[in-house]
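What follows is the residue order along each chain.
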Amino acid sequence: MNIGIIGYGSMGKMLARKFLESGLAGKDSLFVSNRTKERLNEIADKATVCASNSEAAENAGILFVCVRPCDIKEVVTEINGPLKKDSLLVSLNGNITFDMLEKIAPRKIAKVIPSVTAEINRSQTLVCWNSQVLDSDKENLRTLLGCMGEVMELPENEMGMGSELVSCMPGLIASMFDVICRAAKSHTALPEEQIVRMLLKTVSATANLMEQKQMSFQDVVSRVATKGGITEEGSKVIYDMFPNAAEEMFVRTLEKRRLIVQKARESF
């Protein structure tokens, strides 16, 4: 099946690279367009560079729209005509709802939210569909997205929290670990690089341990935090002080998402 990608920013570039590396697309089956044509020079020998968004749309069985929220209305309006009736339109913007898109393009539409962990083929890529999408379309899209990791289907009204947990979370987790490393640095002569490496190795191994042994968070805490011991003391601090920060984090991110959706809805 021919694949189209409109928008060759960080997300469009990643999709193109993954589809090509996996062998799911080639020069004659991957059609790419971008507002700044010079950006496409790097992929011109691997994919078909299109002169316009309409050209990408008319050649695509599945069309990924990877543009900014402020541009998506204009782009979808532009390509709705050239895009074949049986083609699948895929939006990579979780804040633009199906009812907004369907005002312009009453057709088969999916929404996809990958994670930066797709770079190492370990994305939990979120997907949802409108009512017009067929089972065959779902299978085709799952196959494509599977080259980046696990594909997880959610209802549209849960895509917000889903995005917080898999798309935003790498950045949020990195922020938390950055704070831990800075705090550790003030109590040790170990070089920063070693502190970071020790923490990352431990975090990765702990996640693998939990998955392989089917352990819960409490299982790990109980295993390490012996009664009256050092880990128990540190764990108490986290359970006493961190819940407020975690709650505030979600309050703010979800409110920001609500405001973005509201602004988008007004523009549609």
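Residues numbered from 1 in each chain as written. Predicted model: local features only at pLDDT ≥ 70, side-chain atom pairs only at ≥ 80, totals over all residues. Heavy atoms only, no water.

A short note on the packing of helix α6 (residues 159–185) against helix α7 (residues 192–213)
No. 1: The geometry of α6 relative to α7 is characterised by a closest axis approach of 10 Å and an angle of 135° between their N-to-C directions. Classified by the interaxial angle, the pair formed by α6 and α7 is oblique. For the pair α6 and α7, the sense of crossing is right-handed. Residues Phe177, Ile180, Cys181, Ala184 and Lys185 of α6 pack against Glu192, Ile195, Val196, Leu199 and Val203 of α7.
No. 2: For the contact of α6 with α7, the per-class residue count stands at eight nonpolar, no polar and two charged. (Axes fitted to C-alpha atoms, helices over the stretch in contact; angles between N-to-C directions. Helix = DSSP H or I, 4+ residues; strand = E, 2+ residues; numbered from the N terminus. Parallel < 35°, antiparallel > 145°, perpendicular 65-115°, else oblique. Left-handed = near helix turned anticlockwise from the far one by under 90°. Contact = heavy atoms within 4.5 Å. Nonpolar A, V, L, I, M, F, W, Y, C, P; charged D, E, K, R; others polar.)

Concerning the pairing of strand β7 (residues 123–129)
No. 1: When you tally the buried positions in β7, you get six out of seven residues, the bulk of the element.
No. 2: Pairing between strand β6 (residues 109–113) and β7: four bridges, direction antiparallel. The residue of β7 that forms the bridge with Ala110 is Trp129.
No. 3: Taken together, β7, helix α5 (residues 135–145) and strand β8 (residues 149–153) constitute a β-α-β crossover, and its handedness is right-handed. (Buried < 20%, exposed > 50% of the residue type's maximum accessible area, 1.4 Å probe, protein only. Pairing = 2+ DSSP bridges. Right-handed = clockwise from strand over helix to strand, strands pointing away.)

What about unusual backbone geometry?
Note on backbone geometry: most residues besides glycine have negative phi, and most peptide bonds are trans.
No. 1: Of note, the phi angle at Asn121 is positive, near 60°, even though the residue is not glycine.
No. 2: Here Asn121 shows up in the loop between β6 and β7.
No. 3: Overall, Asn121 belongs to the partly exposed group, its relative accessible area being 42%.
No. 4: Positive phi values are uncommon outside glycine, yet Gln214 reaches one of about 55°.
No. 5: Within the fold, Gln214 resides in the loop between α7 and α8 (217–224).

Here's the deal with the packing of α6 against helix α9 (residues 230–267)
No. 1: Here α6 crosses α9 at 125°, and the two axes come no closer than 11 Å. The angle between α6 and α9 places the two elements in the oblique class. Between α6 and α9 lies a crossing whose hand is right-handed. In contact with Gly160, Met161, Ser163, Glu164, Leu165, Cys168, Met169, Leu172 and Met176 of α6, α9 contributes Phe242, Met249, Phe250, Thr253, Leu254 and Arg257.
No. 2: Across the contact of α6 with α9, the residue classes break down as 10 nonpolar, three polar and two charged.

Here we look at the pattern of salt bridges
No. 1: In total, this model carries 14 salt bridges according to the counting rule given.
No. 2: The salt bridge involving Glu164 is made with Arg257; its shortest N-O contact spans 2.4 Å. Of this pair, Glu164 sits in helix α6 while Arg257 sits in helix α9; the two residues are 93 residues apart in sequence, bridging distant segments of the chain.
No. 3: Three or more residues are tied together by salt bridges with common partners; here these are Arg17, Glu21 and Glu119. (Salt bridge = Lys/Arg side-chain N within 4 Å of Asp/Glu carboxyl O.)

Considering the environment of Gly81
No. 1: Along the chain, Gly81 falls in the loop between α3 (69–79) and β5 (88–91).
No. 2: For the pair Gly81 and Asp240, spaced 159 residues apart in sequence, the C-alpha separation works out to 57 Å.

Digging into α7
No. 1: Its 22 residues place the ends of α7 31 Å apart at the C-alpha level, agreeing with the 32 Å of an ideal helix rising 1.5 Å per residue.
No. 2: Just beyond α7, the residue with positive phi is Gln214, at close to 55°. (Expected span 1.5 Å × (residues − 1).)

As for the sheet that holds β7
No. 1: Taken in spatial order, the eight strands make up an open sheet running β3-β2-β1-β4-β5-β6-β7-β8, and their pairing is mixed. Both edges of this open sheet fall to β3 (48–49) and β8, since each of them pairs with a single strand only.
No. 2: Looking at chain direction, β5 and β6 are connected through three bridges and run parallel. From the neighbouring strand, Leu89 faces β6, where its bridge partner is Ile109.

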